[in-house]
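# Coordinate inspection notes
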Amino acid sequence: MSSDVPTAWQSMKSSSKPDRAKAYLKLYNGLQMIGWISACIITLVAIWTGQSIWDLAGFTVQVCQAAAFLEVIHAATGIVRGSPATAFLQWFGRSNVLFGILLYTPEVQQDLGVTLIFVAWSLAEAVRYPWYLSMLLGTPSEWLTWLRYSCFIPLYPLGITGEALVTVKALPHIQRRSVHSTHLPNRANFAFDYYWFCLIGVSTIMPAAFVTLYLYMLRQRRKRLHPRPEAKRD
Amino acid sequence: MKLKVVSRSGKELVAGGVDVDASGTVEDLSKAIYRAKPKLYPSRQRLTLPAEAGSKKPRVLEAGKKLSDYDINANSQVAFKDLGPQIGYKTVFFWEYFGPVLVYALIYSLPQFVYPWHRVVPKNKVQDLALAYWSFHYTKRILETFLVHRFSHATMPIFNLVKNCSYYWGFAAYVAYFINHPLYTAPPIERAAPLFAFALLCQAANFWCHILLSRLRSPSGKGGYTIPRGFLFEYITCANYFCEILGWLAFTAGTQTVAAGLFIAAGSFQMALWAKAKHARLRKIFDGKNGQLKYPKRWIMFPPVF
């Protein structure tokens, strides 16, 4: 799942934002930009030289994705518009694959799915964060805006395919080792089966979230790249 | 007079205007719209006037008032919004509370179908107590719906029925599944019983809060906003939520079940949002200016933290 929080694009531009919050957001988006561009370069180098992508780029991607939790706090404190719940769900979707599944199933760390995920995520973010940053600094150039609203067309399907691939391949290992699961009986009378959690996630929630987000981004793309000349009504 | 009623897109709802008597009431206007558009019964309609200078919110036309109260004349323009198909509050409340009683009782009494991979074991006393408390709680809610509560609105959008029922029925199944599980680990009854007694006490307090709240409104549900007084309301704006949450915390501890804790966590989150909104509204109305009462300093929902 992508982390394209449906914050209105105006949210970054809002001139009423206090200076300190604005300065902080510039710093945050700048750092994320550097992080994801590095992740992107390392991933491409790994592919080029035929080395393990997870071993080479895994750490960088994990740091960037962990730091992205700040975006939930940005929404919660109101320095960026948008719902904190949505921000959290989008952060959680990716983090679940990265920290919940991949980190605990070494068996799939070298899978093709990881390649797809790392390429899709890092390329998308290496465009998104520079765009946010230039939004905060002024107006982004036309080509950057075009990239920001076009990259997702191939990258989202690529990413979701990778995420689904990794999840499905990890399922038997999760079940066998009972990863992140507790069973009855216990004193808290609580049971949680991560295997089912992932199975339901990959079969229903992931596709639904993908379709919703993809259509949303396509609408945004139409709005931003081909704005209709607005005829103001009285 | 012919009154111009426009929808949000700016289009006139009834071409040529709605015929209504200048000395009529808002209800007359609603009925006139209903006559012209039989699909749009009055409770589906939201009628507003453009915001006054200095205010951002449009003025909502209230059913009991006269058109002249809002200075509506032949030149006025009323904005219309279709609220969608409506359903009675009491209907929704009945189904959302009846479901949990049924779901819980079924899971309690039919373990051979709910837990087909486990041998059926006799129920523990704590599990019996939990069933009794659960059933009592939702029965109380149903009775309150019909005998105590006074609703300011008669209806709500029909989608709420689906939404509310999924929430209550779903959580009932989730909580009941764990409490009635053949592998359930019960706390000692000596610890559980006092906790259930305390939970019952909270329910009694919650009931008293509801009585006090219903007295603030006339039987028709009208009465605007009044400062709730008496009992725990002297300290907490939403004392009813406070009792409710406390009761469920005791239930969680009494049954020693995380699922019940998650249920009350979700409920508390929603109640906190409502409580915050109500507190803010009361403080705004009773600001102590222009002869208006000043809203006393109170906790919003849960002393000493919120």
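For clarity, every value in this text was computed on a predicted model and none was experimentally measured. (Residues numbered from 1 in each chain as written. Chains lettered and ligands numbered in written order. Predicted model: local features only at pLDDT ≥ 70, side-chain atom pairs only at ≥ 80, totals over all residues.)

### Observations concerning the overall build of chain A
- Within chain A, the regular secondary structure consists of eight helices and zero strands.
- Taking all 234 residues of chain A together, 35% fall into the buried category.
- Taking as baseline every contact in chain A between residues at least 6 positions apart, the subset at least 24 positions apart corresponds to 75%. (Helix = DSSP H or I, 4+ residues; strand = E, 2+ residues; numbered from the N terminus. Buried ≥ 20, exposed ≤ 12 C-beta atoms within 10 Å, placed from the backbone. Contact = placed C-beta atoms within 7 Å.)

### Some words on the confidence of the model for chain B
- For chain B, per-residue confidence averages 89 on the pLDDT scale, and 97% of positions sit at 70 or higher.
- This complex was scored by the predictor with a pTM of 0.80 and an ipTM of 0.74. (pLDDT = per-residue confidence, 0-100.)

### Description of the UniProt feature "transmembrane region" (unreviewed entry) in chain B
Residues and elements named next belong to chain B.
- Within the UniProt annotation, "transmembrane region" (unreviewed entry) is assigned to residues 166-186 and 192-211.
- In this annotation, residues 166-186 is assigned 67% helix and 0% strand; the end-to-end C-alpha distance for the span is 28 Å.
- Secondary structure across residues 192-211 comprises 100% helix and 0% strand; the distance between its end C-alpha atoms is 29 Å. (UniProt positions renumbered as here; feature names shortened; annotations may be inferred.)

### Some remarks on the environment of Ser-178 of chain A
All names here are of chain A.
- Along the chain, the position of Ser-178 falls in the loop between helix H7 (152-177) and helix H8 (194-225).
- Accessibility expressed as a C-beta count within 10 Å gives 12 for Ser-178, which makes it exposed.
- Separated by 125 residues in sequence, Ser-178 and Ile-53 have C-alpha atoms that sit 26 Å apart.

### Regarding the UniProt feature "transmembrane region" (unreviewed entry) in chain A
All names here are of chain A.
- Sequence positions flagged by UniProt for "transmembrane region" (unreviewed entry) are, in local numbering, residues 27-48 and 194-218.
- The span residues 27-48 is 100% helical and 0% strand by assignment, and the distance between its end C-alpha atoms comes to 31 Å.
- Taken as a whole, residues 194-218 contains 100% helix and 0% strand, while its terminal C-alpha atoms sit 33 Å from one another.

### Quick word on the sheet that holds strand S4 (residues 59-60) of chain B
Residues and elements named next belong to chain B.
- Pairing is mixed in the open sheet, where five strands are placed in the order S2-S1-S5-S3-S4. If you trace the sheet from one side to the other, it starts and ends with strand S2 (18-19) and S4, each paired once.
- For strand S3 (residues 45-49) and strand S5 (residues 77-82), the ladder comprises four bridges, and the chain directions are antiparallel. Along S5, the bridge assignment pairs Thr-48 with Ala-79. (Pairing = 2+ DSSP bridges.)

### Some thoughts on the interface of chain B and chain A
- Contacts between the two partners involve ten residues from chain B, matched on the other side by eight residues from chain A.
- When grouped by side-chain class, the residues that make up the side of chain B that touches chain A number five nonpolar, five polar and no charged. (Nonpolar A, V, L, I, M, F, W, Y, C, P; charged D, E, K, R; others polar.)

### Details of the domain arrangement of chain B
All names here are of chain B.
- Examined at the domain level, chain B breaks down into domain 1 (2-84) and domain 2 (87-285).
- Computed from C-alpha coordinates alone, the two centres of domain 1 and domain 2 are separated by 38 Å.
- Taken together, the residues of the side of domain 1 that touches domain 2 sort by class into one nonpolar, three polar and no charged. (Domains from an automatic or database assignment.)

### Remarks on the pairing of strand S1 (residues 2-7) of chain B
Residue and element names in this part refer to chain B.
- For S1 and S2, the ladder comprises two bridges, and the chain directions are antiparallel. Each residue of the ladder has a partner; that of Lys-2, found in S2, is Asp-19.
- Note that S1 and S5 share four bridges and pair parallel. For Ser-7, the partnering residue across the bridge sits in S5 and is Phe-80.

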